[in-house]
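Report on the structure
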Amino acid sequence: MAPAAINTSIVDTVEPRKDSLGLPEPARRRLIQSGVDLSNGYPYRPLVPLYLQDVYKIRNDERIHQDAGARADKSKQHLLSAATRVTDLTTHIGTEIEGLQLKDLTPEQRDELALLIAERSVVFFRDQDISPQQQKGLGEWYGEVEVHPQVPQVPGVLGVTVIWPDLQAQDIPANFRNPGGASRWHTDLVHERQPAGITHLHNDTVPPIGGDTLWASGYGAYEKLSPEFRKFIDGKQAVYRSAHAYLDRENPSAGPKFVERIHPLVRVHPATGWKALWVNRAMTLRIVGLDKAESDLILNYLYDVYEKNPDIQVRFKWTAGTSALWDNRITIHNASWDYGGRHPRHGTRVTSLAEVPYFDPEAPTRRQALGLLDDEERRELGSTAE
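Residues numbered from 1 in each chain as written. Predicted model: local features only at pLDDT ≥ 70, side-chain atom pairs only at ≥ 80, totals over all residues. Heavy atoms only, no water.

This part takes up the overall build of the protein. Along the protein, the regular secondary structure elements total 11 helices and 17 strands. Its C-alpha atoms give the protein a radius of gyration of 21 Å, near enough to 21 Å, the size a compact globule of 386 residues would have. Referenced to the eigenvectors of the C-alpha coordinate spread, the extents of the protein come out at roughly 65 × 55 × 40 Å. Burial analysis of the protein (386 residues in total) assigns 52% to the buried set. Relative to all contacts within the protein whose residues are 6 or more apart in sequence, the contacts with residues 24 or more apart total 83%. (Helix = DSSP H or I, 4+ residues; strand = E, 2+ residues; numbered from the N terminus. Rg over C-alpha atoms; globule rule 2.2 N^0.38 Å. Buried < 20%, exposed > 50% of the residue type's maximum accessible area, 1.4 Å probe, protein only. Contact = heavy atoms within 4.5 Å.)

Here we take up helix 5 (residues 132–142). Those residues of helix 5 that fall on the buried side of the exposure criterion are Pro-132, Gln-135, Leu-138, Gly-139 and Tyr-142. With its buried residues spanning 120 degrees around the axis, helix 5 presents them on a single face. Where the residues of helix 5 are buried, they touch helix 1 (25–33), helix 4 (107–120), strand 7 (196–205), strand 15 (322–327) and strand 17 (346–353). In the segment just after helix 5, Gly-143 is the residue with positive phi, at about 150 degrees. (Arc of directions from axis to C-beta.)

A few words on the pairing of strand 16 (residues 331–335). Counting buried positions along strand 16 yields five of five residues, so the element is predominantly enclosed. Here strand 16 shows two buried faces, one formed by Thr-331, His-333 and Ala-335 and the other by Ile-332 and Asn-334. Summarising the sheet, strand 8 (residues 213–217) and strand 16 pair through five bridges and their orientation is antiparallel. Looking at strand 16, one finds that Ser-217 is bridged to Thr-331. (Pairing = 2+ DSSP bridges.)

Next up on the list: the pattern of salt bridges. If charged atoms from side chains of opposite charge come close, those side chains can pair. On inspection of all chains with the given rule, the structure shows 29 salt bridges. Across the pair Asp-111 and Arg-71 runs a salt bridge whose closest N-O atoms are separated by 2.9 Å. Taken together, the residues Asp-111 in helix 4 and Arg-71 in the loop between helix 2 (52–58) and helix 3 (77–80) connect sequence positions 40 residues apart. With relative accessibility at 9%, the residue Asp-111 sits in the buried group. Judged by relative accessible area, which is 34%, Arg-71 ranks as partly exposed. Among the salt bridges present, the one from Arg-267 reaches Glu-355, with a minimum N-O distance of 3.1 Å. Highlighted residues: Arg-267 in strand 11 (residues 266–268) and Glu-355 in the loop between strand 17 and helix 10 (366–369), separated in sequence by 88 residues. The class of Arg-267 is buried, set by a relative accessible area of 1%. Under the relative-accessibility criterion, Glu-355 is labelled buried at 9%. (Salt bridge = Lys/Arg side-chain N within 4 Å of Asp/Glu carboxyl O.)

The full count for this structure, using the stated rule, is three cavities of 30 Å³ or more. Taken together, 13 residues line the largest cavity, and the ones lying closest to its centre are His-65, Asp-67, Tyr-142, Ile-198 and Arg-329. Along the lines of polarity and charge, the residues of the lining of the largest cavity split into five nonpolar, five polar and three charged. One number sums up the size of the second largest cavity: a volume of about 50 Å³. (1 Å grid on protein atoms, 1.4 Å probe; cavity = no way out; pocket = protein on both sides within 12 Å on 5 of 7 lines; lining within 4 Å. Points joined across faces, edges and corners; volume = space filled by probe spheres on them. Nonpolar A, V, L, I, M, F, W, Y, C, P; charged D, E, K, R; others polar.)

Backbone hydrogen bonds hold the strands of a sheet together, and the pairing may be parallel or antiparallel. Across the sheet, which stays open at both edges, the three strands sit in the order 10-9-13 with antiparallel pairing between neighbours. At either end of the open sheet lies a strand with only one pairing partner, and these are strand 10 (257–264) and strand 13 (284–287). Taken over all neighbouring pairs, the strand axes of this sheet differ in orientation by 25 degrees on average, direction set aside. When strand 9 (residues 237–246) meets strand 13, the two strands line up antiparallel, connected through three bridges. Residue Val-239 lies in a different strand from strand 13, and its bridge partner there is Arg-286. (Axes fitted to C-alpha atoms, helices over the stretch in contact; angles between N-to-C directions.)

Looking at the protein, the pLDDT average stands at 91 and 93% of residues meet or exceed 70. Across residues 1–11 the pLDDT falls below 50, and counting only partners more than four positions away or on other chains, this stretch makes eight contacts in the model. (pLDDT = per-residue confidence, 0-100.)

As a packed pair, helix 4 and helix 5 sit with axes 10 Å apart at the nearest point and diverge in direction by 70 degrees. When the axis of helix 4 is compared with that of helix 5, the two are roughly perpendicular. On helix 5, the residues that touch Pro-107, Arg-110, Asp-111, Leu-113 and Ala-114 of helix 4 are Gly-137, Leu-138, Trp-141 and Tyr-142. Grouping the constituent residues of the contact of helix 4 with helix 5 by class yields six nonpolar, one polar and two charged. (Parallel < 35°, antiparallel > 145°, perpendicular 65-115°, else oblique.)

What follows deals with the packing of aromatic side chains. As enumerated under the stated definition, the model contains 10 aromatic pairs in all. Judged by centre distance (6.2 Å) and plane angle (45 degrees), the ring pair of Phe-229 and Phe-232 falls under tilted. Here the residue Phe-229 and the residue Phe-232 both occupy positions in helix 8 (residues 227–233), the gap between them amounting to three residues, near one helical turn. Taking the relative accessible area as the measure of exposure, Phe-229 reaches 23% and is therefore partly exposed. A ring pair is formed by Tyr-240 and Trp-278, whose centres lie 4.8 Å apart and whose planes are at 40 degrees; its orientation type is tilted. Highlighted residues: Tyr-240 in strand 9 and Trp-278 in the loop between strand 12 (275–277) and strand 13, separated in sequence by 38 residues. Like Tyr-240, the residue Trp-278 is buried in the burial classification. (Phe/Tyr/Trp six-rings, centres within 6.5 Å; stacked < 30°, edge-to-face > 60°.)

Put into structure tokens, the structure is as follows:
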């Protein structure tokens, strides 16, 4: 039977379906204690926009963004002196802070945390007592909170996304060979005119074994490239796409299409001023100006550099009540689904949108700025400058 024709003059959204999945008890307790109304079901599912043109209009105007890390005290004394312990988890990426509650941070500490995230890429806080409302409030400090047109959200707290792999598996079945959740290297919201800055994921329910998340450093990935290769990709642009597809109102029979934006392949973080490689295998389509074969060859190499160098990665084991805050401008991440849906995993996520991505040819690498270059790196840089 042929599919029914869509009346494009009437239907502009898709009605969300009802969910019957049982909410994990730790998540239920947290939500009820936070005053979230669960009487109409959980989570809230927005009316999904059907047409590509409508999605482009959602945030199509440039917005002023003042980076919190750029205005922070460089010593980060207010934040670090208040912590009971600060532990760098690896040399290049990842820091854990103990003795602080995110909901109680002062304005100075919030700014300094943004700077620390910009320097260390991802920062972790265990044993956090934070409501979805407080999580959103912190996100608003760091920029405009993204309200996603498709994904499930906490009822009454728009912009707080529900991260619940069991729920996602109802739409996209998962198995060992095709894992669920976010089990692929990616960066959030690269298709936005002003893509994601800081993301805050709070997991209130975690499996007893597995479910780790991995992050990789865009600073480190860029520094792994030879100086000559950096010269080649510096200033080049790429096409980035959305995770979700929509119909073209002008030609709906052509099938689903993605939102696409053009951004720099290498970008500079406004708080640190350091260059970072900004590609991800899931949503970077092609390099502008190159033939497909050339673009594919280069992008696949860049993906491999990002994904296959464990010394620029951190793997974090969650405990219930942990928050992770990372910067999408300088990282990619990958959530391991090795618990295979045998145990629940549930959290809430807030993403703050940042600036229009930009490239500065005079910007240093992280290792240059911190005086970390070894003799070989200095020789390579010296030869390229001649």
